[in-house]
Amino acid sequence: MRNRLFIAVLLSFLIPAAALAEEKKEKGTYVTIDTLTATVIAPNGRRQVMTVQSGIDCPDPKLHAYAEMDQPRLRAAFTETLQLYAGALAPGVPPDADYVARKLQETTDQVLGKPGGRFLLGGIMVN
């Protein structure tokens, strides 16, 4: 029951984020990041997959071009950040979306070399 409620809450955040991402994509400032995954431990000790959907909004044309070109480095850095977070997560505890978004924003700024790219969190799902 708790998992269903958690998923329903996450989906309610996903719809507005998807609409924002679609709007940004039309303007040409949105950089799509492929789905990110990390392994978490379930309450019963088995492994589960945490899936994160995201993108980056880069209104500056030069930074946007750099982010598009640097997608492999961004994905690698995002995956490393998520794996570190998921590895420290207690079994059965749902991920903290605000914390994940903050850490991935820091990673975005670090990889791009300067602020200006806004990390957009589409959704987090544990399955």
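Residues numbered from 1 in each chain as written. Predicted model: local features only at pLDDT ≥ 70, side-chain atom pairs only at ≥ 80, totals over all residues. Heavy atoms only, no water.

## Some words on the overall build of the protein
Piece 1. A tally of regular secondary structure across the protein gives four helices and three strands.
Piece 2. Mapped from its N terminus to its C terminus, the protein presents α and β elements in the order α-β-β-α-α-α-β.
Piece 3. Per-residue burial over the protein gives 35% buried out of 127 residues.
Piece 4. Contacts in the protein between residues at least 24 apart in sequence constitute 70% of all its contacts with a sequence separation of at least 6.
Piece 5. Accessible area of the protein: about 7,800 Å², with a carbon and sulfur share of 56%. (Helix = DSSP H or I, 4+ residues; strand = E, 2+ residues; numbered from the N terminus. Buried < 20%, exposed > 50% of the residue type's maximum accessible area, 1.4 Å probe, protein only. Contact = heavy atoms within 4.5 Å. Areas by Shrake-Rupley, 256 points an atom, 1.4 Å probe, with all protein chains shown as cover.)

## Remarks on the nonpolar core
Piece 1. Ranked by size, the top nonpolar core spans 24 residues in total, and within it Ile 33, Met 50, Ile 56, Leu 74, Phe 78 and Leu 82 carry the most contacts.
Piece 2. No other element matches the six residues that helix α3 (residues 71-88) contributes to this core.
Piece 3. Apart from residues lying up to four places away in sequence, Leu 82 is in contact with Leu 36, Ala 38, Met 50, Val 52, Val 100 and Leu 104. (Core = buried A, V, L, I, M, F, W, Y, C linked by side-chain atoms within 4.5 Å.)

## With respect to the pattern of salt bridges
Piece 1. Taken as a whole, this structure holds two salt bridges when the rule is applied.
Piece 2. Where Asp 70 meets Arg 73, a salt bridge forms, and the shortest distance between an N and an O atom there is 3.0 Å.
Piece 3. By relative accessible area, which is 45% here, Arg 73 ends up partly exposed.
Piece 4. A salt bridge links Glu 106 to Lys 103, with the nearest nitrogen and oxygen atoms 3.3 Å apart. Of this pair, Glu 106 and Lys 103 both sit in helix α4 (residues 97-112), three residues apart, which is roughly one turn of that helix.
Piece 5. Judged by relative accessible area, which is 46%, Glu 106 ranks as partly exposed. (Salt bridge = Lys/Arg side-chain N within 4 Å of Asp/Glu carboxyl O.)

## Description of the pairing of strand β2 (residues 47-57)
Piece 1. Bridge analysis of strand β1 (residues 30-41) against β2 gives ten bridges, and the strand direction is antiparallel. For Ala 38, the partnering residue across the bridge sits in β2 and is Met 50.
Piece 2. Counting the residues that bridge the hairpin from β1 to β2 gives five residues, and of these Gly 45 lies at a positive phi of roughly 90 degrees.
Piece 3. In this structure, β2 lies alongside strand β3 (residues 118-126), joined through eight bridges in antiparallel fashion. Within β3, the position partnered with Gln 53 by the bridge is Gly 123. (Pairing = 2+ DSSP bridges.)

## Looking at the sheet that holds β2
Piece 1. Strand order in this open sheet of three strands is β1-β2-β3, and the pairing throughout is antiparallel. The sheet is open, and its two edges are formed by β1 and β3, each paired on a single side. Across the sheet, the mean angle from the axis of one strand to that of its neighbour is 20 degrees, orientation sign disregarded.
Piece 2. Running over the sheet, α3 touches β1, β2 and β3 and is turned about 25 degrees from β1. (Axes fitted to C-alpha atoms, helices over the stretch in contact; angles between N-to-C directions.)

## Topic: the side chain of Asp 57
Piece 1. Following the sequence through the fold, Asp 57 ends up in strand β2.
Piece 2. For Asp 57, a relative accessible area of 5% corresponds to the buried category.
Piece 3. In this structure the side chain of Asp 57 is engaged in a polar contact, spanning 2.8 Å, whose partner is the side chain of Thr 29. (Polar contact = N/O pair within 3.5 Å; in protein donor to acceptor, adjacent residues only side chain to side chain.)

## Details of the packing of α3 against α4
Piece 1. At a minimum axis distance of 10 Å, the contact between α3 and α4 shows a crossing angle of 145 degrees. Relative to α4, the crossing made by α3 is right-handed. Residue-level contacts link Arg 73, Leu 74, Ala 77, Phe 78, Thr 81, Leu 82 and Tyr 85 of α3 to Tyr 99, Val 100, Lys 103, Leu 104, Thr 107, Thr 108, Val 111 and Leu 112 of α4.
Piece 2. Class assignment of the residues belonging to the contact of α3 with α4 gives a composition of ten nonpolar, three polar and two charged. (Left-handed = near helix turned anticlockwise from the far one by under 90°. Nonpolar A, V, L, I, M, F, W, Y, C, P; charged D, E, K, R; others polar.)

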